[in-house]
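An overview of the molecular structure
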Amino acid sequence: EDKVVQSPLSLVVHEGDTVTLNCSYEVTNFRSLLWYKQEKKAPTFLFMLTSSGIEKKSGRLSSILDKKELSSILNITATQTGDSAIYLCAVNYGGSQGNLIFGKGTKLSVKP
Amino acid sequence: EAQVTQNPRYLITVTGKKLTVTCSQNMNHEYMSWYRQDPGLGLRQIYYSMNVEVTDKGDVPEGYKVSRKEKRNFPLILESPSPNQTSLYFCASRTSGRSEQFFGPGTRLTVL
């Protein structure tokens, strides 16, 4: 059965801390891995990773894929209260449909 | 502005009363999808559509119907809602050949 597992499920840090969120997957026909940020509304797209070992960066956020280990990490440096959200990992799997299977998310709370 | 819209945003209804949640996108995307999001279960796909008149079941299709008569619209129909369909529903779309999906603002449905 295809699955995506995220850890930890929740995390509380203080402003300025660095956090690492984990995503592992077991899917047939892996095509890409995506990270989304969900505040009190719709998920918004952060990164898409297809190649192993190539880091994607956007400001204080960065992500990397390890296809050998079937996993990805999302790093957030110098966290701010505005980073508080649920971070979702999704994998594009199987065939030409391009459907996504999502992990359950990591809820990040950043305290002032 | 490129966007996915959903209506209504909030709905409280009673068991058995048919309802439709509309979804529309203005990005000329071929692919559209419906998800439900429940605490502890994450985002799960209900139905998806690769293009006009082409729809298929996702992981949790029971109790739902969809149609895709026009490219921009993808309504979700609950013929006889039940309390276990109380959830947060998201519509999403993407263009062919890309993995990242863009989400609507969500519809919070409560079935009494």
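None of these values were measured; they are calculated from a predicted model.

The helix and strand tally for chain A stands at zero helices and 11 strands. Over its C-alpha atoms chain A spans a radius of gyration of 14 Å, differing by no more than 12% from the 13 Å that the globule rule assigns to 112 residues. Over its C-alpha atoms, taken along the principal directions, chain A stretches across nearly 45 × 25 × 20 Å. A burial count over chain A gives 46% of its 112 residues as buried. Considering only contacts within chain A whose residues lie at least 6 apart along the sequence, 55% involve residues at least 24 apart. Of the roughly 5,500 Å² of accessible surface on chain A, a fraction of 49% belongs to carbon and sulfur atoms.

Turning to the side chain of B:S87, a few remarks are in order. Position of B:S87 relative to the elements: it lies in strand 9 (residues 87-94). Among the polar contacts listed, one links the side chain of B:S87 to the backbone oxygen of B:Q37, at a separation of 3.1 Å.

So, about the pattern of salt bridges. Residue and element names in this part refer to chain B. Counting across every chain of the model gives seven salt bridges over all chains. One salt bridge connects K18 with E79, and the closest N-O pair in it is separated by 4.0 Å. Of this pair, K18 sits in the loop between strand 2 (10-13) and strand 3 (19-25) while E79 is found in the loop between strand 8 (76-78) and strand 9, placing the two residues 61 residues apart along the sequence. Under the relative-accessibility criterion, K18 is labelled exposed at 52%. A relative accessible area of 35% means that E79 is categorised as partly exposed. D38 is the salt-bridge partner of R44, the closest N and O atoms lying 2.9 Å from each other.

Residues and elements named next belong to chain B. The strand order across the open sheet built from four strands is 1-3-8-7, with neighbouring strands paired in antiparallel fashion. Across the chains shown, the open sheet's two edge strands, defined by having one partner strand only, are strand 1 (4-7) and strand 7 (65-66). As defined by bridge partners, strand 7 adjoins strand 8 across two bridges and the pair is classed as antiparallel. Note on strand 8: the bridge partner recorded for K65 is I77.

All right, on to the nonpolar core then. Counting 23 residues, the largest nonpolar core has A:V4, A:Y25, A:L33, A:W35, A:Y87, A:V91 and A:L108 as its most contacted members. Contributing elements (two or more residues each) for this core: strand 3 (19-26), strand 4 (30-38), strand 5 (44-49), strand 7 (61-66), strand 8 (71-76), strand 9 (85-93) and strand 11 (106-111) of chain A. By residue number, the principal contributor to this core is strand 9 of chain A, which donates five residues. The residues touching A:Y87, leaving out its near neighbours within four places in the chain, are A:Q6, A:L21, A:Y36, A:K37, A:L46, A:L74, A:I76, A:G105, A:T106 and A:L108. Core analysis: the second largest hydrophobic core is formed by 18 residues, B:L19, B:Y64, B:V66 and B:Y89 among them.

The rules behind each value
Residues numbered from 1 in each chain as written. Chains lettered and ligands numbered in written order. Predicted model: local features only at pLDDT ≥ 70, side-chain atom pairs only at ≥ 80, totals over all residues. Heavy atoms only, no water. Helix = DSSP H or I, 4+ residues; strand = E, 2+ residues; numbered from the N terminus. Rg over C-alpha atoms; globule rule 2.2 N^0.38 Å. Buried < 20%, exposed > 50% of the residue type's maximum accessible area, 1.4 Å probe, protein only. Contact = heavy atoms within 4.5 Å. Areas by Shrake-Rupley, 256 points an atom, 1.4 Å probe, with all protein chains shown as cover. Polar contact = N/O pair within 3.5 Å; in protein donor to acceptor, adjacent residues only side chain to side chain. Salt bridge = Lys/Arg side-chain N within 4 Å of Asp/Glu carboxyl O. Pairing = 2+ DSSP bridges. Core = buried A, V, L, I, M, F, W, Y, C linked by side-chain atoms within 4.5 Å.

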